[in-house]
Amino acid sequence: MSLTRKRVLPAFAAGLLAAGAITLLGGSPAATAVGSDSVECTDTHADEHSAARGRPGSSGHDRNEISDAQAAQMNADLRAKVMEANQRGGVAALAAGGTINVVWHVVTTTAGKGAISDATIAKQLKVLNDGFAGAESSAAAKTGFKFVTQQTKRYTNNTWFNGGADNATTERQMKTQTRVGTAATLNVWFTDIDGFGFATFPTWYKGDPKMDGVVVDYATVPGGSEVNFNLGKTVTHEVGHWMGLWHTFQGGCTATNDEVADTPAQTSSTSGCPEGRDSCSRAGLDPIHNYMDYSYDDCYNQFTPGQNTRMQSAWTAYRAGK
């Protein structure tokens, strides 16, 4: 499957707030923003990933593409929400992160395809926590976020398993009938999807709260059958989106790239784990070890401090206490 990704994301505000407030990394903000809130983040994990899935008939539609206007709207709204939180003293504990309750939704067929044990769920939770705790690399940010299992829900539904992510009507039915909690509750559905996973951004919760969460292919969990992508880090990647991050390559080889200053710009997504890859003439090698690239699971090992700042900001603005 061949995907086309636009160079998007207008500049973000550096030093947005006064000293002691939240700082959002990037350049200068766009002046005007329009767009829709009814879109989702979808990852099909680049051409090699799709080929590895052996699904040449997949649609090729990447719902993770966002327009300049949508990106500008998201950034403008985040700036405004963070400033409001700062004005009412809601950012004092920002650097501490927070505890996030997780509801796991395991969908299987009547034949049992897609079954994920409680032991595997526990392993998946550990992978997620290790990533956000910076446990995999000395260069990784320790975000302060901790994930705890609130509940594991199980369903036998052939339609949801086969179309819960690839058919809009089925996806909505599945989510609206099963989602639990508030904006601060992470809901993760495991189904069989055309791709590896997708997530909603925090900006969009208010417009469609029952659709909020992450959908991940069941074969990507620890010990799953997805070769090179079966260490559970697809969940880490998608939760990064749910927390407000974009792909490291989304802005392309530009000054703003992914709106995070300490993730070097890259022209395109990474496949495999090519040490020393440098697809962009700007400073820095491609951040192939970053959870928000498209590298193999065993290549992923970090979020950056700048990404942590953005996640903390988005958490405060859209999810914490909601």
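From a predicted model like this one, the values you see are computed outputs, not experimental measurements. (Residues numbered from 1 in each chain as written. Predicted model: local features only at pLDDT ≥ 70, side-chain atom pairs only at ≥ 80, totals over all residues. Heavy atoms only, no water.)

As for the pairing of strand β4 (residues 186-191)
- The element β4 is largely enclosed, with a buried count of six among its six residues.
- Pairing of strand β2 (residues 98-108) with β4 involves five bridges; the strand directions are parallel. Bridge assignment links H105 to a residue of β4, and that residue is W189.
- As paired strands, β4 and strand β6 (residues 214-217) are joined by four bridges and run parallel to one another. Within the sheet, the bridge partner assigned to F190 lies in β6 and is V216. (Buried < 20%, exposed > 50% of the residue type's maximum accessible area, 1.4 Å probe, protein only. Helix = DSSP H or I, 4+ residues; strand = E, 2+ residues; numbered from the N terminus. Pairing = 2+ DSSP bridges.)

What about the packing of helix α3 (residues 118-133) against helix α6 (residues 233-242)?
- Remark: α3 packs on α6, axes separated minimally by 8 Å, with the N-to-C direction vectors making an angle of 50 degrees. Judged on the interaxial angle alone, α6 and α3 are oblique. Read as a crossing pair, α3 and α6 show a hand that is right-handed. For the pair α3 and α6, contact is made by Q124, V127, L128 and F132 and by K233, V235, T236, V239 and G240, respectively.
- Of the residues assigned to the contact of α3 with α6, the class counts are five nonpolar, three polar and one charged. (Axes fitted to C-alpha atoms, helices over the stretch in contact; angles between N-to-C directions. Parallel < 35°, antiparallel > 145°, perpendicular 65-115°, else oblique. Left-handed = near helix turned anticlockwise from the far one by under 90°. Contact = heavy atoms within 4.5 Å. Nonpolar A, V, L, I, M, F, W, Y, C, P; charged D, E, K, R; others polar.)

Quick word on the state of the cysteines
- Scanning all chains against the criterion turns up two disulfides.
- Two residues, C253 and C280, share a disulfide whose sulfurs are 2.0 Å apart. Residues C253 and C280 are joined through a disulfide that is right-handed, its torsion about the S-S bond being 70 degrees. In this pair, C253 sits in the loop between α6 and α7 (305-319) while C280 sits in the loop between α6 and α7, placing the two residues 27 residues apart along the sequence. With respect to class, C253 is no different from C280; both count as buried.
- Between the sulfur of C273 and that of C299 lies a disulfide, 2.1 Å long from S to S. Of note, the bridge from C273 to C299 carries an S-S torsion of about 70 degrees and is right-handed in sense. Note that C273 is positioned in the loop between α6 and α7 and C299 in the loop between α6 and α7, a separation of 26 residues in sequence. (Disulfide = S-S within 2.5 Å.)

A word on the side chain of N290
- Within the fold, N290 resides in the loop between α6 and α7.
- Here N290 falls in the buried class, since its relative accessible area comes to 2%.
- Other than its neighbours up to four places away in sequence, N290 contacts T248, T263, Y300, Q302, F303, T304 and Q307.

Thoughts on the pattern of salt bridges
- This structure, assessed with the given rule, holds ten salt bridges.
- Measuring nitrogen to oxygen at the nearest pair gives 2.7 Å for the salt bridge that ties D118 to R154. Residue D118 is found in helix α3, and its partner R154 is found in strand β3 (residues 145-156); the two are separated by 36 residues along the sequence.
- The class for D118 is exposed, based on a relative accessible area of 54%.
- D212 is the salt-bridge partner of R319, the closest N and O atoms lying 2.9 Å from each other. Here the residue R319 occupies a position in helix α7, and D212 occupies one in the loop between β5 (197-199) and β6, the gap between them amounting to 107 residues. Across this residue pair, the class does not change: R319 and D212 are buried.
- Linked by salt bridges that have partners in common, R179, D212 and R319 make up one network. (Salt bridge = Lys/Arg side-chain N within 4 Å of Asp/Glu carboxyl O.)

Observations concerning the pairing of β2
- Extensive coverage of β2 is indicated by the burial of eight of its eleven residues.
- Pairing between β2 and β3: eleven bridges, direction parallel. Along β3, the bridge assignment pairs G98 with F145.
- Assessed by its sense of winding, the connection that carries the chain from β2 through α3 to β3 is right-handed. (Right-handed = clockwise from strand over helix to strand, strands pointing away.)

A look at α7
- End to end, α7 covers 20 Å across 15 residues, agreeing with the expected 21 Å (1.5 Å per residue, within 8%).
- Counting buried positions over the 15 residues of α7 gives 13, a clear majority of the element.
- Following α7 by one or two positions, G321 adopts a phi angle in the positive range, close to 75 degrees. (Expected span 1.5 Å × (residues − 1).)

A short note on the confidence of the model for the protein
- Taken residue by residue, the protein gives an average pLDDT of 81. The fraction at 70 or more is 76%.
- In this model residues 44-61 is a low-confidence stretch, pLDDT under 50, and it forms 51 contacts with partners more than four residues away in sequence or in other chains. (pLDDT = per-residue confidence, 0-100.)

Some remarks on the packing of aromatic side chains
- Tallied over the entire structure, the rule returns 14 aromatic pairs.
- Ring centres of F132 and F303 lie 4.8 Å apart, and the angle between their planes is 55 degrees; this geometry places the pair in the tilted category. Taken as a pair, F132 in helix α3 and F303 in the loop between α6 and α7 lie far apart in primary sequence, 171 residues in all. Each member of the pair, F132 together with F303, is buried. (Phe/Tyr/Trp six-rings, centres within 6.5 Å; stacked < 30°, edge-to-face > 60°.)

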